Amino acid sequence: MKNTFTYLLVALAALMLTSCFKDEPDSKSIFDDVESAPKTEFDLWLERHYVEPYNINFEYRMPDRETNYGYWVSPPPVDKCVQLAKLIKYVVLDGMAELMAAEEDPLLLAKSYFPRQLFLVGSHEISSTGTVVLGSAENGLQINLLGVNFFDCEDEASCGQFVGTIIHEFAHILDGNIAVPIEYDLVTKDGYIGDQYSSAPNDYLQNGFLSNYARSTPAEDIAVMVAALVGNDADWWESTLSSAGDTGRAYLEKKRDILVSWLRDDFGIDVYDWHDIYTGRVATIDQIDWDSLDD
């Protein structure tokens, strides 16, 4: 009986040893390693125009670890990602370099404050109430750009929507780095209504806001205002202010003055020069070669 027990122990040890040898990892990982995948022509173009000058990762493969699990979303088509990469470079990044051309390093503004990652999603995030998310900023490090499936590079309005979303989210990041003076929040402090903005009447102008969405929080109000300053001309502003009535106009002009000073004093940005450069580039997007990756 003792010998039988000894033989069983020896056999069990041999089995465990064999099992250990079989469990030794080989050179092939069980996980897909995106970083080690061969780089495409587009990847090399992104290295030249995003990574090397700005240290920006343009993430277009949509790894699920970066998505919001509360929504059903889909990855974007590569051809539209190429077009958006070219659009954002031409209008936003090159535009900011032109804006800061007099500085010792014209790229410093973007290198300092532009997020380290642009994350593209094919579809929109749509809530149960029907709210459509066009973009979001995460901790000043990432801008999520949604609805890429619907981007049309030949439509100026479509291009304006996407780069306008970038400016909106970039304003959040600037505000997160150096906050807009608290006086801004106090101008219309009783007008912020949180999630109720989606069912609010369309009297936002009269209450000192550019949209009902701007009424949700001071942070969103600031981002909406900055995007409007960059994207809209003097005629648009005068028409909008005239429609706001005396009280709404006074609120909007006060907010605008605070933001113009904040951008100038804290970031060295002349927002009116930025507007001219930005809109000039949006108007000349037909100069972009949407398909070539040779440059």
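Given the structure is predicted, the values throughout are model-derived calculations rather than measurements.

(A) Broad picture of the pairing of strand 2 (residues 117-120). Taking every second residue as pointing to the same face, both faces of strand 2 are buried, with Q117 and F119 on one and L118 and L120 on the other. Sheet topology places strand 1 (residues 57-59) next to strand 2; three bridges connect them, and they run parallel. If you follow E59 over to strand 2, its bridge partner there is F119. Where strand 2 lies against strand 6 (residues 142-145), four bridges are found, and the strand directions are parallel. Note on strand 6: the bridge partner recorded for L118 is I143.

(B) Highlighting helix 7 (residues 218-231). Here helix 7 contains 14 residues, and its C-alpha end-to-end distance of 20 Å stays within 8% of the 20 Å for a straight helix at 1.5 Å per residue. Of all the 14 residues making up helix 7, 10 are buried; the element is thus mostly covered by neighbouring parts of the structure. Turning to helix 7, its buried residues are E220, D221, I222, A223, V224, M225, V226, A228, L229 and V230. Considering only its buried residues, helix 7 is in contact with helix 5 (156-177), helix 6 (183-187), helix 8 (234-243), helix 9 (245-267) and helix 10 (271-282).

(C) Local environment of helix 8. Taken together, the buried positions of helix 8 are occupied by W237, T240 and L241. Across the axial projection of helix 8, the buried residues extend over an arc of 95 degrees, all falling on one side. Residues of helix 8 that are buried make contact with helix 7 and helix 9. Near the N-terminus of helix 8, the side chain that reaches the backbone nitrogen of D235, with its oxygen 3.3 Å away, is that of D233.

(D) Structural context of the packing of aromatic side chains. If you walk through the whole model with that rule in mind, you get 14 aromatic pairs. Ring plane angle 90 degrees and centroid distance 6.4 Å describe the contact between F170 and W274, whose orientation is recorded as edge-to-face. On the criterion of sequence distance, the pair formed by F170 in helix 5 and W274 in helix 10 is long-range, its members being 104 residues apart. Across this residue pair, the class does not change: F170 and W274 are buried. Note on W236 and W237: the rings are 5.2 Å apart at their centroids and 90 degrees apart in plane angle, and the pair reads as edge-to-face. Given the relative accessible area of 5%, W237 is considered buried. A connected cluster of aromatic rings, assembled from ring pairs, spans F42, W45, Y50, F58 and Y60. It is R256 that lies over the ring of W237; its NZ or CZ is 5.2 Å from the centre. Here R281 stacks its cationic end above the ring of Y90, 4.9 Å away from the centre of that ring.

Conventions we followed
Residues numbered from 1 in each chain as written. Predicted model: local features only at pLDDT ≥ 70, side-chain atom pairs only at ≥ 80, totals over all residues. Heavy atoms only, no water. Buried < 20%, exposed > 50% of the residue type's maximum accessible area, 1.4 Å probe, protein only. Helix = DSSP H or I, 4+ residues; strand = E, 2+ residues; numbered from the N terminus. Pairing = 2+ DSSP bridges. Expected span 1.5 Å × (residues − 1). Contact = heavy atoms within 4.5 Å. Arc of directions from axis to C-beta. Polar contact = N/O pair within 3.5 Å; in protein donor to acceptor, adjacent residues only side chain to side chain. Phe/Tyr/Trp six-rings, centres within 6.5 Å; stacked < 30°, edge-to-face > 60°. Lys NZ or Arg CZ within 6 Å of the ring centre and 35° of its normal.

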